[in-house]
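# Observations on chain architecture
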Amino acid sequence: MYLTIQETAEYLSLPPDYIENLIVQKRIRAVHDGDQYLVYKEQFNTHLDQMEKWRKQMQEFLNEPIPEDIDIKDED
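Residues numbered from 1 in each chain as written. Predicted model: local features only at pLDDT ≥ 70, side-chain atom pairs only at ≥ 80, totals over all residues. Heavy atoms only, no water.

### Examining unusual backbone geometry
Most of the time, phi is negative for any residue but glycine, and the peptide bond is trans. As a reminder of what qualifies: Counting from the N terminus, the helices are DSSP H or I runs at least four residues long and the strands are E runs at least two residues long.
The backbone phi angle of S13 is positive, close to 55°, even though this residue is not glycine. Looking at the element boundaries, S13 is found in the loop between α1 (5-12) and α2 (16-24).

As structure tokens, then:
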């Protein structure tokens, strides 16, 4: 499925100007149909899956309690 720049920006929650800049820099693959650029939606699946996996790992890390240090000596 191909998306316009505006639809791609909404899908990725980024500004359309930024998407257009990425296309010009060839960091996002796109097809020009004569009037507009079309972006293949499936090229972002791996990236979005990795970002979701990273978010879950970070959330698990942040939810983990801080272990007590066994080298703490009582000052009494």
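Right, picking up where we left off after that structure.
### Structural notes on the sheet that holds strand β1 (residues 2-3)
Rules: Between any two strands, pairing holds if DSSP finds at least two bridges.
The strand order across the open sheet formed by three strands is β1-β3-β2, and the pairing between neighbours is antiparallel. This sheet does not close on itself; its edge strands, each paired only once, are β1 and β2 (30-32). Bridge count for β1 against strand β3 (residues 37-40) is two bridges, and the pairing is antiparallel. Looking across to β3, one finds that L3 is bridged to V39.

### Some points on the side chain of T8
The criterion, for reference: We call two residues in contact whenever any of their non-hydrogen atoms come within 4.5 Å of each other.
Of note, T8 is situated in helix α1. Contacts of T8, omitting those with residues within four sequence positions, involve L3, I19, V39 and F44.

### As for the packing of aromatic side chains
Note the cut-off: Ring geometry is summarised as follows: Phe, Tyr and Trp rings, the Trp one being its six-membered ring, pair when their centres sit within 6.5 Å, and such pairs are stacked at plane angles under 30 degrees, edge-to-face over 60 and tilted between the two. Throughout, exposure labels follow a simple rule: accessible area from a 1.4 Å probe, protein chains only, divided by the maximum for the residue type, with under 20% read as buried, over 50% as exposed, and the rest as partly exposed.
Taken as a whole, this structure holds one aromatic pair when the rule is applied. Ring centres of Y2 and Y40 lie 5.3 Å apart, and the angle between their planes is 50°; this geometry places the pair in the tilted category. In this pair, Y2 sits in strand β1 while Y40 sits in strand β3, placing the two residues 38 residues apart along the sequence. You can call Y2 partly exposed: its relative accessible area is 47%.

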